[in-house]
Amino acid sequence: MTPTAPQPAQTVRTFAQLLSSTRRGARLARLLATGQLHAWEVSPIVTERAEQIVAELAANAAQHGWVPGRDFRVTLALDTTSGVLRIAVIDARGDHVPAPVPVPTPKARSEEAESGRGLLLVAALADRWGTEPYPPAGKTVWAELDDRPTTSP
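Residues numbered from 1 in each chain as written. Predicted model: local features only at pLDDT ≥ 70, side-chain atom pairs only at ≥ 80, totals over all residues. Heavy atoms only, no water.

Asker: Honestly, the overall build of the chain in this entry has me stumped. Any pointers?
Answerer: Looking only at helices and strands, the chain has three helices and five strands in total. Helices (α) and strands (β) of the chain occur, in sequence order from the N terminus, as β-α-α-β-β-α-β-β. Residue burial in the chain is summarised as follows: out of 153 residues, 33% are buried. (Helix = DSSP H or I, 4+ residues; strand = E, 2+ residues; numbered from the N terminus. Buried < 20%, exposed > 50% of the residue type's maximum accessible area, 1.4 Å probe, protein only.)

In structure tokens:
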């Protein structure tokens, strides 16, 4: 009888879904991501932040990253060892890369404006975020969340 080596515990859980580049696809991305995070038993604080980030990035992919006949992809990767959740949204518009988020000023945007605050929310909610090219012609916008222990008063 040969002894077997212990198998390493799964340290990275992944989820990926291709969705239509529509408002309905963006809404479905948020719902699917939230359901997956609940299934993985991610803390409620991280889940709430992740839900908002997925909603913003998916809406941006549907609105600004849309190319006729092309969809966008949402991926989640949870590293259970480090507690880092990575959210990535891949769309087909590599030529429309989000600019760094400026510090808001009163003159920069009307308070009545209905759009334009999505990446400000992502920057506020994520521990890290950025963009990467997705060859041949797309881009990935990603955000990472560190699992923070909840503190009781």
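After that view, the rundown keeps rolling.
Asker: Help me understand the pattern of salt bridges in this model?
Answerer: On inspection of all chains with the given rule, the structure shows seven salt bridges. For Arg86, the salt bridge goes to Glu132, with nearest N and O atoms at 3.3 Å. Of this pair, Arg86 sits in strand 3 (residues 84-91) while Glu132 is found in strand 4 (residues 128-134), placing the two residues 46 residues apart along the sequence. Arg86 gets classed as partly exposed once you look at its relative accessible area, which sits at 24%. Its relative accessible area of 36% is what places Glu132 among the partly exposed residues. (Salt bridge = Lys/Arg side-chain N within 4 Å of Asp/Glu carboxyl O.)

Asker: When you look at the packing of helix 2 (residues 44-64) against helix 3 (residues 118-125) in this model, what are you seeing that I'm missing?
Answerer: Pairs of packed helices are described in terms of their axes, by the angle between the two and the distance that separates them. Axis separation between helix 2 and helix 3 bottoms out at 9 Å; the angle between their running directions is 150 degrees. The angle between the axes of helix 2 and helix 3 places the two elements in the roughly antiparallel class. Both helix 2 and helix 3 take part in a crossing whose hand is left-handed. Residue-level contacts link Arg49, Gln52, Ile53, Glu56, Leu57 and Asn60 of helix 2 to Gly118, Leu119, Leu121, Val122 and Leu125 of helix 3. Of the residues contributing to the contact of helix 2 with helix 3, the split by class is six nonpolar, three polar and two charged. (Axes fitted to C-alpha atoms, helices over the stretch in contact; angles between N-to-C directions. Parallel < 35°, antiparallel > 145°, perpendicular 65-115°, else oblique. Left-handed = near helix turned anticlockwise from the far one by under 90°. Contact = heavy atoms within 4.5 Å. Nonpolar A, V, L, I, M, F, W, Y, C, P; charged D, E, K, R; others polar.)

Asker: For this particular structure, what's the right way to read the sheet that holds strand 4?
Answerer: Within a sheet, neighbouring strands are paired by backbone hydrogen bonds and run either parallel or antiparallel to one another. One open sheet accounts for five strands, arranged 1-2-3-5-4; its pairing is antiparallel. The open sheet is flanked by strand 1 (12-19) and strand 4, the only strands paired with a single partner. Going from strand to strand, the sheet's axes swing by 15 degrees on average, the running direction of each strand aside. Sheet analysis places strand 2 (residues 72-79) next to strand 3, joined by seven bridges and oriented antiparallel. When the sheet's bridge partners are listed, Ala77 is paired in strand 3 with Arg86. (Pairing = 2+ DSSP bridges.)

Asker: Any chance you could explain the layout of surface pockets here in plain terms?
Answerer: A probe as big as a water molecule, rolled over the atoms, marks out the empty space that is left. Taken as a whole, the second largest pocket holds about 160 Å³ of empty space. Lining the second largest pocket are Leu18, Arg70, Asp71, Phe72, Arg73, Ile90, Asp91, Ala92, Tyr134, Pro136, Ala137 and Gly138. For the lining of the second largest pocket, the secondary structure elements donating two or more residues are strand 2 and strand 3. Residue composition of the lining of the second largest pocket, by class: seven nonpolar, one polar and four charged. (1 Å grid on protein atoms, 1.4 Å probe; cavity = no way out; pocket = protein on both sides within 12 Å on 5 of 7 lines; lining within 4 Å. Points joined across faces, edges and corners; volume = space filled by probe spheres on them.)

Asker: Help me understand helix 1 (residues 23-39) in this model?
Answerer: Along an α-helix, residues three or four apart share an orientation, since each turn contains 3.6 residues. Spanning 17 residues, helix 1 covers 25 Å between terminal C-alpha atoms, matching the ideal 24 Å at 1.5 Å per step. Listing the buried residues of helix 1 in full gives Gly25, Ala26, Ala29, Ala33, Thr34, Gln36 and Leu37. At its buried positions, helix 1 is contacted by strand 1, helix 2, strand 2 and strand 3. One or two positions beyond helix 1, positive phi appears at Glu41, with a value near 60 degrees. (Expected span 1.5 Å × (residues − 1).)

Asker: Looking at this structure, how should I read a nonpolar patch on the surface?
Answerer: A contiguous nonpolar patch, built from Leu28, Leu31 and Leu32 and spanning about 220 Å² of accessible area, is present on the exposed surface. Its location among the elements puts Leu31 in helix 1. (Patch = residues over 30% accessible without salt bridge, like charges linked within 9 Å, V, L, I, M, F, W, Y side chains within 5 Å. Areas by Shrake-Rupley, 256 points an atom, 1.4 Å probe, with all protein chains shown as cover.)

Remember, this is a structural readout, not a statement about activity or role.
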